[in-house]
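# Close look at the chain arrangement
Spelled out from the first residue to the last, the chains are:
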Amino acid sequence: MVKLTLDLIARGTSGYTKKKRDESMQQYLKRLTHLYLEDRSIDDVGDDIGMCRNLTVLYLYDNQLNRIPSLHHNMNLTMLYLQNNDICKVENLAPLTRLQKLYLGGNCITVLEGLDKMDKLQELHVENQRLPPGEKLLFDPRSLRGIALSLQVLNVSGNGLDSIRDMIGLRNVSQFMANDNELSDMKDLAHNFGNWPVLWRLELMGNPVCHKAKYRDRIIVMAKTLEVLDGKEITETSRQFLRKWHANKETQKKKRDEIYQRSAYTDLGDGHQRSSELPPVKDPTRPVKSSQIPGYMMPGFEARRSAKKHRSGLPRKQFDELLARTATMEPPSREKQPTPVKAKSGVLRSKQADEFATLPPSSSTVASAPLRRRPLMSMTFELSGNLDSTQHIHSGMIIH
């Protein structure tokens, strides 16, 4: 347990600012601009540091501080080094309106907050916070808005970050360090890099995104002003080559998309043309007028439905029989074939099974034409009265 005292402050100066013999302690502390109090096991700063009114740089890293000390009397501070302490919350920084560099790495901070009044902050280092397992460093939107226009260097390495979209508003960032995080989305990175027009240094080692194909080439194409990536300089020759490669790739992709769209429109037009050749389809939601015949109908079907008295057309069964008979029918010959006569009803049917020879060919008929046998002729008679087996049938008994 070490508390900061005046004696410790006096010994924390450089050799160029030693106390003069005729100088009081108050005058001496007021003259100090730099204090080197690192690695002194200090856990309490106290109020004596408030006497250093012209203090601009304060080194308090590698101590045992569990909070940021109240420095409202040190309003001229421009650099504050608080790395590797036990600080859990960012606080007491509002009076330091001239602060330009803030080092908070290696603490226990879970939420980056309390920076909304620090509109002159240029560097912020919050790397490697000792976070609970499975948690990541969070950023207060108000603090990010407060430092959006002034921040130039940001170090968020080792904080379990899986996205940097919250930092897209930091448009003046020129150096961004995010090693050893969980960044894996290349599109997420491209979204930010496209809005950081002055970025020239980028550190992403130790992230899953580094294992993606052509990681370095793609990052160089995304960040057009980048000069150093993962500690390696980017030459102008390689930059120009990658830009041409990317432009050629985009051109080929655009051509493929245009070809695909043209083919899609062509297929759509052909499909429309083919569909126009098909018969219309009945729409069940619209009533059908009697004068309209939707789709394909049998001949006479609409007439039968509209007026049963005046039937026209053929029933479907007879229509199918007629089609089948027409398909198998032999071509008609020049000879007139006898048509079978069928009565509505009959009591006696006699069948004549004699074969008739064809008529002798006429003079116009080719002599070598083959003979055609007449088909069997079936005759049906309807008789009146009772018929005995011994009676003969005469013409008066036949009903025509």
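The numbers attached to residues start from 1 for each chain and follow its sequence in the written order. Only residues with pLDDT of 70 or above have their local features reported here, since the model is predicted, and side-chain atom pairs are shown and tallied only from 80 upward, although totals for entire chains, interfaces and linings are computed over all residues. For the side-chain quantities, the full set of heavy atoms in the structure was used; hydrogens and water were omitted.

## Notes on the nonpolar core
- Residues belong to a common nonpolar core when they are buried Ala, Val, Leu, Ile, Met, Phe, Trp, Tyr or Cys residues joined through side-chain atoms within 4.5 Å. Residue exposure (1.4 Å probe, protein chains only): buried if accessible area is under 20% of the type maximum, exposed if over 50%, otherwise partly exposed. Membership of the largest hydrophobic core comes to 71 residues, with the highest contact counts inside it found for Phe 176 and Ile 219.
- Strands here are runs of E lasting at least two residues and helices are runs of H or I lasting at least four, both read from the DSSP assignment and numbered beginning at the N terminus. Of all elements in the fold, only helix H1 (6–11), helix H2 (25–31), helix H4 (186–193) and helix H5 (215–222) reach the threshold of two or more residues within this core.
- The element contributing the most residues to this core is H5, with 5 residues.
- Residue contacts for Phe 176: discarding those within four places in its chain leaves Leu 154, Val 156, Ile 164, Met 167, Trp 196, Leu 199, Arg 201, Leu 202 and Glu 203. We call two residues in contact whenever any of their non-hydrogen atoms come within 4.5 Å of each other.

## Some remarks on the environment of Ile 168
- Secondary-structure assignment places Ile 168 in the loop between strand E10 (153–155) and strand E11 (175–177).
- Classification of Ile 168 as partly exposed rests on a relative accessible area of 25%.
- In this structure the C-alpha to C-alpha distance between Ile 168 and Trp 196, which are 28 residues apart in sequence, comes to 7.7 Å.
- Setting aside residues no more than four positions away along its own chain, Ile 168 makes contact with His 191, Asn 192, Asn 195 and Trp 196.

## Observations regarding the pattern of salt bridges
- The working definition used for a salt bridge is a side-chain nitrogen of Lys or Arg within 4 Å of a carboxyl oxygen of Asp or Glu. In total, this model carries 9 salt bridges according to the counting rule given.
- Between Asp 162 and Lys 136 there is a salt bridge, and its shortest N-O distance comes to 2.9 Å. With Asp 162 in the loop between E10 and E11 and Lys 136 in the loop between strand E8 (123–125) and strand E9 (138–139), this residue pair connects regions lying 26 residues apart in the sequence.
- Relative accessible area serves as the criterion here: at 35%, Lys 136 is assigned to the partly exposed category.
- Residue Arg 165 is joined to Asp 188 by a salt bridge in which the shortest nitrogen-to-oxygen separation is 3.1 Å.

## Topic: a positive patch on the surface
- Any residue with relative accessible area above 30% and no salt bridge may belong to a patch, with like charges joined within 9 Å and the nonpolar Val, Leu, Ile, Met, Phe, Trp and Tyr side chains within 5 Å. Note on areas: Shrake-Rupley with a 1.4 Å probe; residue coverage comes only from the protein chains shown. Charge assignment in this entry is limited to Lys and Arg as positive and Asp and Glu as negative, and neither His nor the chain termini are counted. Where a charge lies is defined by one atom per residue type, namely NZ (Lys), CZ (Arg), CG (Asp) and CD (Glu). On the surface, a cluster of positive charge is contributed by Lys 187, Lys 212, Lys 214, Arg 218, Lys 249, Lys 253 and Arg 256.
- A total of 3 residues in the positive patch trace back to one element, the largest contributor, which is helix H6 (residues 236–277).
- Looking at where Arg 218 falls in the secondary structure, it is placed in helix H5.
- Accessibility expressed as a relative area gives 34% for Arg 218, which makes it partly exposed.

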